[in-house]
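The residues making up each chain are set out below.
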Amino acid sequence: MSAPSPHRPPRTRTAVLLAVLAAVAAGLGTLVLVRADAGLTARQVTVGGVPMTEVRAGPPTPGVRRPGVVIAHGFAGSAKLMRPIADTVARRGAVALLFDFAGHGANPARLPGAGSNTSAATLAADLDVAVGYLRSRPDVDADGIVLVGHSMGAGAVTRYAAGHPEIARTVAISLPEAGELPPGRPTELLLIVGGAEFPAFRRAADDAARRGASTGRRSAVVVPGVEHISVLFAARTHREIADWLPGGDGTARPRPIARLAGAALLMFAFGIGVVPLAALLLPRRATGRRPTEPPSDREPDAPAPIDSPAPPGSPAPGGTALSGVPFGGLLLFALAVLAAVVGAAVAAVLPTARLPLAVGGYVTGFLLVTGVLLVAGQRWLPGRFGVPQPPPGTAVSAGRRATARTAVATLALTGYAVLAVALPIHLGLTSALPVGARWWLLPLVVGACLLFLLGVELVAAGRTGRHLLVVAVTVVVLTTSTMVGLAPGFVLLVVPLFALLLGWQAAWATVLRRYAGPRWLPAVLGAALVGWPIATTLPLS
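Here we summarise the structure given alongside this text. Note on numbering: residues in each chain are counted from 1, in written sequence order. Only residues with pLDDT of at least 70 are given local features in this predicted model, and only at 80 or more are side-chain atom pairs given and counted; all residues enter the totals for whole chains, interfaces and linings. Heavy atoms throughout the structure, all of them, feed into the side-chain values; hydrogens and water do not.

Observations regarding the pattern of salt bridges
Consideration 1: Here, a salt bridge means any side-chain nitrogen of Lys or Arg that lies within 4 Å of a carboxyl oxygen of Asp or Glu. Inspection of the entire model under this criterion finds 12 salt bridges.
Consideration 2: A salt bridge links Glu 166 to Arg 135; the nearest nitrogen and oxygen atoms lie 3.9 Å apart. You can see Glu 166 sitting in the loop between α4 (152-163) and β6 (169-173) and its partner Arg 135 sitting in helix α3 (residues 117-135), a full 31 residues away along the chain. A run of DSSP states H or I qualifies as a helix once it reaches four residues; a run of E qualifies as a strand once it reaches two. Both are numbered from the N-terminal end.

Here we look at the packing of aromatic side chains
Each aromatic ring pair is characterised by the separation of its centres together with the angle its planes make.
Consideration 1: Two rings belonging to Phe, Tyr or Trp (six-membered ring only in the last case) form a pair when the distance between their centres is within 6.5 Å. Interplanar angles under 30 degrees mark stacking, angles over 60 mark edge-to-face geometry, and anything in between is tilted. One pass over the structure, following the stated rule, counts 5 aromatic pairs.
Consideration 2: Summarising the aromatic geometry, the rings of Trp 504 and Trp 508 are spaced 5.6 Å apart at their centres and angled 85° between planes, so their arrangement reads as edge-to-face. Of the two residues, Trp 504 and Trp 508 both sit in helix α13 (residues 491-512), 4 residues apart, roughly one turn of that helix. Like Trp 504, the residue Trp 508 is buried in the burial classification.
Consideration 3: An aromatic cluster of at least three residues, connected via ring pairs, comprises Phe 270, Tyr 416, Trp 504 and Trp 508.
Consideration 4: It is Arg 169 that lies over the ring of Trp 244; its NZ or CZ is 6.0 Å from the centre. Exposure classes here rest on a 1.4 Å probe applied to the protein chains alone. A residue is buried below 20% of its type maximum, exposed above 50%, and partly exposed in between. Ring-over charges, as used throughout, are those where CZ of Arg or NZ of Lys falls within 6 Å of the ring centre and within 35 degrees of the ring normal.

A word on the packing of helix α10 (residues 404-428) against helix α14 (residues 521-537)
Consideration 1: Only the stretch in contact is used when fitting a helix axis, every axis being a line fitted to C-alpha atoms; angles between N-to-C directions are given from 0 to 180 degrees. Packing of α10 against α14 brings their axes to within 9 Å, and their N-to-C directions diverge by 25°. With respect to their mutual orientation, α10 and α14 come out roughly parallel. Of the two possible hands of crossing, α10 and α14 adopt the one that is right-handed. Taking contact as the criterion, the partners of Thr 410, Leu 413, Thr 414, Ala 417, Val 418, Val 421, Ala 422 and Ile 425 in α10 are, on α14, Leu 521, Val 524, Leu 525, Ala 528, Leu 529, Trp 532 and Pro 533.
Consideration 2: Amino acids are sorted into nonpolar (Ala, Val, Leu, Ile, Met, Phe, Trp, Tyr, Cys and Pro), charged (Asp, Glu, Lys and Arg) and polar (every other residue, Gly among them). Looking at the contact of α10 with α14, its residues break down into 13 nonpolar, 2 polar and no charged. These descriptions rest on fixed angle ranges, namely under 35 degrees for roughly parallel, over 145 for roughly antiparallel, 65 to 115 for roughly perpendicular, and the rest for oblique. Here a crossing is taken to be left-handed if its near helix is turned anticlockwise relative to the far helix by less than a right angle, and right-handed if that turn runs clockwise. Residue contacts follow a heavy-atom distance rule, with two residues in contact if any of their heavy atoms lie within 4.5 Å.

Some points on empty space enclosed by the protein
Consideration 1: A cavity here means a set of 1 Å grid points, computed over protein atoms only, where a 1.4 Å probe fits but cannot escape. A pocket is an open set with protein on both sides within 12 Å along at least 5 of 7 lines, and lining residues have an atom within 4 Å of a point. Grid points are joined across faces, edges and corners, and a volume is the space filled by probe spheres set on the points. Applying the stated rule across the entire model yields 2 cavities of 30 Å³ or more.
Consideration 2: Its volume calculated, the second largest cavity comes out at about 90 Å³.
Consideration 3: As for the second largest cavity, its lining consists of Ala 36, Pro 84, Asp 87, Thr 88, Arg 91, Ala 252, Arg 253, Pro 254, Arg 255, Pro 256, Ala 258 and Arg 259.
Consideration 4: Looking at the lining of the second largest cavity, the elements that each hand over two or more residues are α2 (83-91) and α7 (258-281).
Consideration 5: For the lining of the second largest cavity, the leading source of residues is α2, giving 4 residues.

Details of the sheet that holds strand β4 (residues 95-99)
Consideration 1: Judged by pairing direction, the sheet is mixed, and its 8 strands sit side by side in the order β1-β2-β4-β3-β5-β6-β7-β8 without closing on themselves. This sheet does not close on itself; its edge strands, each paired only once, are β1 (41-47) and β8 (217-223). The sheet shows a mean angle of 20° between the axes of neighbouring strands, direction not considered.
Consideration 2: One ladder, built from 7 bridges, connects β1 with strand β2 (residues 50-56); its direction is antiparallel. Residue pairing in the sheet places Thr 46 in a bridge with Pro 51 of β2.
Consideration 3: Where α4 meets the sheet, it contacts β3 (66-72), β5 (140-150), β6 and β7 (188-194), and its direction lies at approximately 140° from that of β5. When DSSP locates at least two bridges between a pair of strands, those strands are taken to pair.

Quick notes on a nonpolar patch on the surface
Consideration 1: Taken together, the side chains of Val 16, Val 20, Val 24, Leu 28 and Leu 31 define a hydrophobic patch exposed on the protein surface, amounting to about 400 Å² of accessible area.
Consideration 2: Inspection of the secondary structure puts Val 20 in helix α1 (residues 10-36). Like charges are joined within 9 Å and nonpolar side chains (Val, Leu, Ile, Met, Phe, Trp, Tyr) within 5 Å, but only among residues with over 30% relative accessible area and no salt bridge; these make up the patches. Per-residue accessibility takes into account occlusion by the displayed protein chains alone, with areas from the Shrake-Rupley method and a 1.4 Å probe.

Notes on the nonpolar core
Soluble globular proteins tend to bury their nonpolar side chains together.
Consideration 1: Membership of the largest hydrophobic core comes to 97 residues, with the highest contact counts inside it found for Phe 99, Leu 147 and Trp 508.
Consideration 2: When residues in this core are grouped by element, the largest group, 10 residues, is from α14.
Consideration 3: Every residue in contact with Leu 147, bar those within four places of it in the chain, is listed here: Val 70, Val 131, Val 157, Tyr 160, Ala 161, Ile 167, Arg 169, Thr 170 and Val 171.
Consideration 4: Core analysis: the next-biggest nonpolar cluster, separate from the first, contains 30 residues, Ala 86, Val 148, Ile 192 and Val 223 among them. We call a set of buried residues a nonpolar core when its members are Ala, Val, Leu, Ile, Met, Phe, Trp, Tyr or Cys and they connect through side-chain atoms within 4.5 Å of each other.

As for the side chain of Thr 352
Consideration 1: Within the secondary structure, Thr 352 sits in the loop between α8 (327-346) and α9 (360-380).
Consideration 2: With residues near it in sequence (within four places) discarded, Thr 352 still touches Ala 347, Gly 361, Thr 364 and Gly 365.

What about unusual backbone geometry?
Most peptide bonds are trans, and most residues other than glycine sit at a negative phi.
Consideration 1: Its identity is not glycine, yet Ala 76 carries a phi of approximately 70°, on the positive side.
Consideration 2: Residue position: Ala 76 is located in the loop between β3 and α2.
Consideration 3: Of the residues examined, Ala 76 reaches a relative accessible area of 17% and is grouped as buried.
Consideration 4: A positive phi is found at Ser 151, a non-glycine position, where the angle reads about 55°.
Consideration 5: Relative to the helices and strands, Ser 151 resides in the loop between β5 and α4.

If you want it as structure tokens, here you go:
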């Protein structure tokens, strides 16, 4: 028997290297987020049920009044999403006030009927509370109030300013429409639109600029190369807003992506950190077997028993292997398309569509039905999808039982997944903590994601290529259903984030399949990665 090697195994060295890299990235991300607050003070208050955050550069100066800027987010946004704009105007000498509309962020109230008159009245009421509070601050110039809004918030602030001539200036970013604005009101209006946004936003900005060109000061600015969300983080957007302030005395250079960069570093750290964590918590699979093969007690060189299940990718009795391209691939593609199309068609009429989660109810139903059909397709055609079935009477091995180690690993990894997605998003992008009805909506949404990802895991049979194929089909069908009117229009704006989260889950699933964990573990972690943002960021309605 040879002596053990004094060197670490290569796989152990890789895990240690990734752990160190994750720690460095997490440290850098934390440092970037801390530096983003440098020179600023923030104070959180709740007035009339509306959560608010005051941001200013330094403490109030006795006898000095500053411009006040109320910043309103868009649909499915939050005060946190608009924080970089607050940082910019605060560093230019203003007092910024962020707030969460009903149904958004930390506001547990529900926003009734998005786009309806009731919804507009709710938005106006919340905005009025924020304006009244900012006016009452001793260091704020009551005659120098500026309103800034994005998308839905842009519509709210322009309507409010049109009816309140005491508002000094208004900034509308990605204004959805200008039809409700009376000619020439508001008089001081800056319109900002991303060059890569849908044409309707550009038309709305041009229309609003023409309506008041003869009676006030209006300017339309197109920021090149950005779309509906990234326009908020463009340096040009921040410079235009800062220059629009009345009497601003700061000259600080905007840093619009500082918080986003810090969050990205944290997310990267969590993303690669799953490798050393899985290596610590889970035993590695024995070499020479596919993840879908049951463990065997025979010697490595012994011949396989006649009744052994076929390895993945080989033709099963009475069926065609999925890896038999092109026929096998077409079978999987057909199942994925059928499941997703049926899910998209019936999601709007399911009870889940009535969940008080705008857009999220439809997405929950879509994932639920698609997952059921994927699971059913795999169960009815196990041989055709490369999922080997053990012979009748085969005992389940001890390695596949739910042991205490498996339970601990599952709990630890699931908690890690929640932190991995919630912490970076909450610190650097938008609010991702459940409030109000989100607490009971969260398990429903996560459950639908779990069923969908279990279906994906089953038909993928442990193959990353198959997994990505099913996920890609799902994203394409969801996008198409929005374009043809089956899904709510706003789904089109969240599809990129949805695709990113599913890609993240696919990467983690590839890592976890290398270890002797339960087959459903990648789906459980993926349900947390995908379901948590859906349940905590989409509006309560």
